[in-house]
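# Observations on the model geometry
The chain contents come next:
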Amino acid sequence: WGNKQQLSHLELFLHHISGTRRDVKDKVEVVNYDESISAPLAFGPVLQMGGAIQSYVKAEAARGNKVNVYVDMTGGLRNASMLMLKVMDLLRYSGILIRQIFYTYYNEKERRGVIEEITATNDITRLISGAEAFVYYGNLDGINDYFAGKQISRQLKNLLRAMSDFADALVVCKTGAL
């Protein structure tokens, strides 16, 4: 990497990921997407991406293999990226682990490609969705998922315990109404 090279976003992404997975180039499936198409037409390629990922994960799971999904969000937060965030949510609902999310861009000033990991940004949106699920349905799963494995303060532990007790009380109340 010491010498200058011309690389596409995909080549830069593959180079970055290949540090953890040598066979990554054999595992990549490119789904072409034209950002200039109208939003209703955008669903086809995005759903194709999600379907390709689900098919691959299902086949690997049948072989007893665990799959980590790495997502490149190149293109900024436009239609494709926003839709891809929702596809990732659907993949999670299917039990697929999204390990990391990346965003690549070309820094004109420094004249180099940059890869940023943006997994934390997506995690925050999932925490907000979890808070919404708690407010509307008394469901604490999204919030618990966000804080799982993280060091949290005693006060936050107490708050989460109180929220859990409240959620349990709601379930008991609803069950009693049946």
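Our subject in this report is the structure included herewith.

Procedures and definitions
Residues numbered from 1 in each chain as written. Predicted model: local features only at pLDDT ≥ 70, side-chain atom pairs only at ≥ 80, totals over all residues. Heavy atoms only, no water. Helix = DSSP H or I, 4+ residues; strand = E, 2+ residues; numbered from the N terminus. Buried < 20%, exposed > 50% of the residue type's maximum accessible area, 1.4 Å probe, protein only. Contact = heavy atoms within 4.5 Å. Areas by Shrake-Rupley, 256 points an atom, 1.4 Å probe, with all protein chains shown as cover. Core = buried A, V, L, I, M, F, W, Y, C linked by side-chain atoms within 4.5 Å. Phe/Tyr/Trp six-rings, centres within 6.5 Å; stacked < 30°, edge-to-face > 60°. Lys NZ or Arg CZ within 6 Å of the ring centre and 35° of its normal. Pairing = 2+ DSSP bridges. Salt bridge = Lys/Arg side-chain N within 4 Å of Asp/Glu carboxyl O. Patch = residues over 30% accessible without salt bridge, like charges linked within 9 Å, V, L, I, M, F, W, Y side chains within 5 Å.

## Remarks on the overall build of the protein
Along its length, the protein carries seven helices and three strands. Counting from the amino terminus, helix and strand elements in the protein follow one another as α-α-α-β-α-β-β-α-α-α. In the protein, buried positions account for 29% of the 178 residues. When contacts within the protein are restricted to residue pairs at least 6 apart in sequence, long-range pairs at least 24 apart make up 49% of them. For the protein, the accessible surface area stands at approximately 12,500 Å², while carbon and sulfur atoms represent 55% of it.

## A word on the environment of Gly50
Within the secondary structure layout, Gly50 lies in helix α3 (residues 39-62). Judged by relative accessible area, which is 7%, Gly50 ranks as buried. Sequence-wise, Gly50 and Leu90 are 40 residues apart; in three dimensions their C-alpha atoms are separated by 8.1 Å. Setting aside its immediate chain neighbours within four residues, Gly50 contacts Val87 and Leu91.

## Overview of the nonpolar core
What tends to happen in soluble globular proteins is that the nonpolar side chains get buried as a cluster. Core analysis: the largest hydrophobic core is formed by 17 residues, its most contacted members being Ile53, Val69, Val71, Met84, Met88, Leu91 and Ile98. When residues of this core are traced back to their parent elements, those giving at least two are α3, β1 (69-72), α4 (79-93) and β2 (98-107). Counting residues per element, this core draws most heavily on α4, which supplies six residues. For Ile53, the residues in contact, after removing those within four places along its chain, are Val69, Met84 and Leu91. The next biggest cluster of nonpolar side chains, apart from the first, holds eight residues, and it includes Tyr146, Leu160, Met163 and Ala167.

## Let's talk about the packing of aromatic side chains
According to the stated counting rule, one finds three aromatic pairs in the structure shown. Considering the side-chain rings of Tyr136 and Tyr137, the 6.2 Å spacing of their centres and the 50° angle between planes classify their relative orientation as tilted. Assigned by exposure class, Tyr136 and Tyr137 land together as exposed. When the ring centre of Tyr146 is taken as reference, the NZ or CZ atom of Lys150 above it lies at 4.2 Å.

## With respect to unusual backbone geometry
The residue Arg111 is not glycine, and still its phi comes out positive at about 55°. Position of Arg111 among the secondary structure elements: in the loop between β2 and β3 (112-117). Residue Arg111 is classed as exposed on the basis of its relative accessible area of 61%.

## So, the pairing of β3
Side chains on a regular strand alternate between the two faces of the sheet. Of the pairings in the sheet, the one linking β2 to β3 comprises six bridges and is antiparallel in character. If you follow Tyr105 over to β3, its bridge partner there is Val114.

## Description of the pattern of salt bridges
Applying the stated rule across the entire model yields five salt bridges. With its nearest N and O atoms 2.5 Å apart, the salt bridge here joins Glu110 to Arg112. Here Arg112 falls in the partly exposed class, since its relative accessible area comes to 42%. Note that Arg126 and Asp123 form a salt bridge whose closest N and O atoms lie 3.9 Å from each other. Pair noted here: Arg126 and Asp123 are both in helix α5 (residues 119-137), with a separation of three residues, about one helical turn. Note on Asp123: relative accessible area 22%, which makes it partly exposed. One connected set of salt bridges, linked through shared partners, spans Lys86, Asp89 and Arg92.

## A closer look at a nonpolar patch on the surface
Together, Leu10, Val28 and Val30 make up a nonpolar patch on the protein surface, roughly 220 Å² of accessible area in all. Under the relative-accessibility criterion, Leu10 is labelled partly exposed at 36%.

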